[in-house]
Amino acid sequence: MRVPLSWLREYVDLPAGETGRDVQAKLVSAGLEVETVEQLGAGLKGPLVVGQVLAIEELEGFKKPIRYCQVDVGRANGTGEQQNIVCGARNFAVGDKVVVVLPGAELPGGFAISARKTYGKTSEGMICSASELGMSDDHDGIIVLPPEYEVGTDAIELLELVDEVLDIAVTPDRGYCLSMRGVARETATAYELPLRDPALIDVPAPNSHGYPVQVTDPIGCDRFTARTVTGLDPEAHSPIWLERRLQKAGMRPVSLAVDITNYVMLEIGQPLHAYDRSRINGTIGVRRAEPGEKLTTLDGSQRALDTEDLVITDESGPIGLAGVMGGANTEIADATADAETGRVAGTTEVVIEAAHFAPVSVARTARRHKLSSEASRRFERGVDPEATSAAAQRTVDLLVLLAGGTAEVGVTEIIAPGAPHTITLPADHPDKVAGVSYGRETVVRRLQQIGCDVYGADDLTVTVPSWRPDLTDPNDLAEEVIRLEGYENLPSTLPRPPAGRGLTERQRLHRRVGRALAGAGYVEALNYPFIGEEVLDQFGLAADDPRRDLVRLVNPLSDAEPALRTTLLPGLLGALRRNAGRGEHDLALFETGLVFRATGHEPAAALLPVDRRPTDEEIAGLDAALPYQPRRVAVVLAGDREQAGWWGKGTPVSWADAVEAGRIVAREAGAELIVRQDQQDPWHPGRCAALLAVVDGEEILVGNAGELHPRVTKALGLAERTCAMEIELDRLEQAGTGGVTAPHVSTFPVATQDVALIVNASVAAADVETALREGAGELLESLRLFDVFTGEQLGEGRKSLAYALRFRAPDRTLTAEEIAASRDAAVSAAANRTGATLRGA
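The rules behind each value
- Residues numbered from 1 in each chain as written.
- Predicted model: local features only at pLDDT ≥ 70, side-chain atom pairs only at ≥ 80, totals over all residues.
- Heavy atoms only, no water.
- Salt bridge = Lys/Arg side-chain N within 4 Å of Asp/Glu carboxyl O.
- Buried < 20%, exposed > 50% of the residue type's maximum accessible area, 1.4 Å probe, protein only.
- Helix = DSSP H or I, 4+ residues; strand = E, 2+ residues; numbered from the N terminus.
- Pairing = 2+ DSSP bridges.
- Core = buried A, V, L, I, M, F, W, Y, C linked by side-chain atoms within 4.5 Å.
- Contact = heavy atoms within 4.5 Å.
- Phe/Tyr/Trp six-rings, centres within 6.5 Å; stacked < 30°, edge-to-face > 60°.
- Lys NZ or Arg CZ within 6 Å of the ring centre and 35° of its normal.

(A) Here's a closer look at the pattern of salt bridges. Inspection of every chain in the model, using the stated rule, returns 62 salt bridges. Close ionic contact of D428 with K432 constitutes a salt bridge, the shortest N to O distance being 3.9 Å. For D428, a relative accessible area of 33% translates into the label partly exposed. On the basis of relative accessibility, which here comes to 62%, the residue K432 falls in the exposed class. R773 is the salt-bridge partner of E769, the closest N and O atoms lying 3.5 Å from each other. On the criterion of helical spacing, the pair formed by E769 and R773 is a turn pair, its members being four residues apart in helix α20 (residues 765-776). Under the relative-accessibility criterion, R773 is labelled partly exposed at 33%.

Encoded structure:
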């Protein structure tokens, strides 16, 4: 909504020195979104005057028609002599009144005017168009003024070229601010000043002499006012002040009758429509459209109507889309002159419609026909139903005043039964919502300022004004009190959460894992949970792989990705590829999220009702239709894990980094991860590890890690040696001991023993490690595999695993005998369980 400050001052007596910026600050504080304050006429300097064309000489020999004009500007030029001006426009004639800018003036944009020679003549100024003066974007010729204005009159004041315009972004709940009346009410409240309400005018009572109207859908149209004006002068034009107010508000002047209806809509907020009475066939009706009906709207488009469309009709059929746009067959006719008689023909009798239509009905019709209009924007957000008769009367008054018409005595007004909306709230309710003690007097005063009628002491009964359909419950009224008292006056207080609430253990694990991976150098990358069959083919998954059992979407965002992901790797690898394509090659990314696994036993989801709350059984049925959604964490790596520099060579990523990422996740869950060799797509068959954990005494697979298969990296356009890890967090949580607790740090010295064990190449290092831990007992603090050796001296099919064992007691210094006994017990356990022999023994 564009609000000229000069127009706003007609309804509120703002202080004389108050600027648009000052008003903007007040309205923003009151909760309105005033986006900009446009300075009209900034940089404009006179003399800019009314001139009369005395003579026109057509100049020949140029590529375009050029006219050399003699213009009378009175004493504005200081001499009283005529001005000689070169002009290319052709929409004026001798005797016309025009706008002339004289040498020494400056137009908006820093365009200085001076006498200069052009087209072989000296031009002493310029005859102006609307675009050159910043009035509009109209480039079709210069401005031709009505003949009643005196030559030499200051055109800056006449055309109201200097003004400030507030551009307000009206939110859907503030539909009343799509009018000068609504903005003026907010301004008056903000400044604590009285309001001159333009809707408070004398309106005649309805009678039986008005134009016949029949409303058959009182829900869609609960109020309809019709007035008739006859004897209009078809040659009457909109006065300059009316055109300028429409232009400043962002609307284009069309004709006097249409301009008046638009002006009243901007002033009061009530959309109106003017029908040419000679084109209406019988009674005006309001009903729903019938199957097969069509309507040609004012924009020239023929529209097939829907049976849910609310239409205005006469005996011939639909003549308008209610609340959206009128029909072309009853529009106001432009004035035309008969070539033989010279008589001017046009609309001389109009019927004014001022009605209130249901917001939902108008909104659906506008969207159904892709036809948004100034009227539909207002009806969608809520229009004051009590303003219809005042808006119709204001329109009649202006038509009588400006077009010489006569108002007929008949007044048609159809009103559906209804009652004002009433809300009951405790007087201290705004205090509780805001945490501020306003007091009853402040609450009542603020509610009365927005137009409410308030009664009661401790419990207030509030009757909501007709122009505020957004006020429906006590919290809405509390919001009004708070915004008018000033959001900036609300104190800042820290929330106090109640005891016994907080994150669940599942949520804590999720956060711990994210922090641990970030601390290890990984960057979180969140991806859309959608995949297609193509990426699964690129992964080389077998036809019976459970990851191919996709949950397909009914309305996918992309036809290339119509299903929900069964693994996190496609999204992460896509992010890896995009970053590599932009020059980032050393990458370590991670993501935590859900995957979706269809079991094949999910029942079909039922459609829930919209007219009531679903029952517990219906909600349970909907939950049962959901697929299995395990929570997972995955990482992908490419390039160098440690970059090269003056400190030494870099370290490229390897399968061991992916395995270590799995260990990081397992440590956060308090679980012991078992690593074994595995073969699983899309990993390299020789560089793939199975990640296992113990749940209820049984080893279960929780994920995989390693280097991706070369054919996968090639198909996806990834770097060689790209590595990945994916692990199921829910299963890992079952194997864990909960949150990680800080270990006790012993003050006694540690004893380190190295052992090298020879085992068959098929024996997993994890099995040897498990045996060593169990055999060493409680004195073992930690163990680490630090070397793997194979060679001829060991024999074919044999390998040496070297471990560093750290022993420490929490309460004493260990003796050499205790250390040796624990080491021997560990070696013995490894020998018994894995067939290991001590190297060198």
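(B) Local environment of the sheet that holds strand β14 (residues 213-215). Spatially, the five strands line up as an open sheet ordered β14-β17-β20-β21-β22, and their pairing is mixed. Looking at which strands have only one partner, the edges of the open sheet turn out to be β14 and β22 (325-326). In this structure, β14 lies alongside strand β17 (residues 284-288), joined through three bridges in parallel fashion. Within β17, the position partnered with V213 by the bridge is I284.

(C) Just the nonpolar core, in detail. Grouped together as the largest cluster of nonpolar side chains are 55 residues, with contacts concentrated most on V3, L8, V23, L27, V264 and L399. The biggest single contributor to this core is helix α6 (residues 256-268), with eight residues. Discounting chain neighbours no more than four positions away, the residues touching V264 are G269, L272, A391, R394, T395 and L398. The next biggest cluster of nonpolar side chains, apart from the first, holds 33 residues, and it includes V633, I664, L673 and L729.

(D) Representation of the pairing of strand β4 (residues 66-72) in the model. The buried count for β4 comes to six of seven residues, which makes it a mostly enclosed element. The pairing of strand β3 (residues 48-59) with β4 spans seven bridges and is antiparallel. Note that in β4 the partner of E58 across the bridge is R67. Here β3 folds back onto β4 in antiparallel fashion, the turn holding six residues, of which G61 has a positive phi close to 90°. When β4 meets strand β5 (residues 83-87), the two strands line up antiparallel, connected through five bridges. Residue pairing for β5: C69 is matched across the bridge by I85.

(E) Fine view of the environment of L40. In this fold, L40 is placed in strand β2 (residues 33-40). Judged by its relative accessible area of 12%, L40 is buried. Sequence separation between L40 and L161 is 121 residues; the distance between their C-alpha atoms is 6.5 Å.

(F) Seen up close, the packing of aromatic side chains. For the structure on display, the rule yields six aromatic pairs. Pairing W646 with W647 gives two aromatic rings, centres 5.5 Å apart and planes at 75°, and the pair type is edge-to-face. For W646, a relative accessible area of 80% translates into the label exposed. Here W647 falls in the exposed class, since its relative accessible area comes to 55%. The rings of W7, W241 and Y263 are connected pair by pair, giving a single aromatic cluster. Geometry around W467 places R185 over its ring, the cationic atom sitting 4.0 Å from the centre. One Lys or Arg, R641, reaches over the ring of Y522 and ends 4.9 Å from the middle of that ring.

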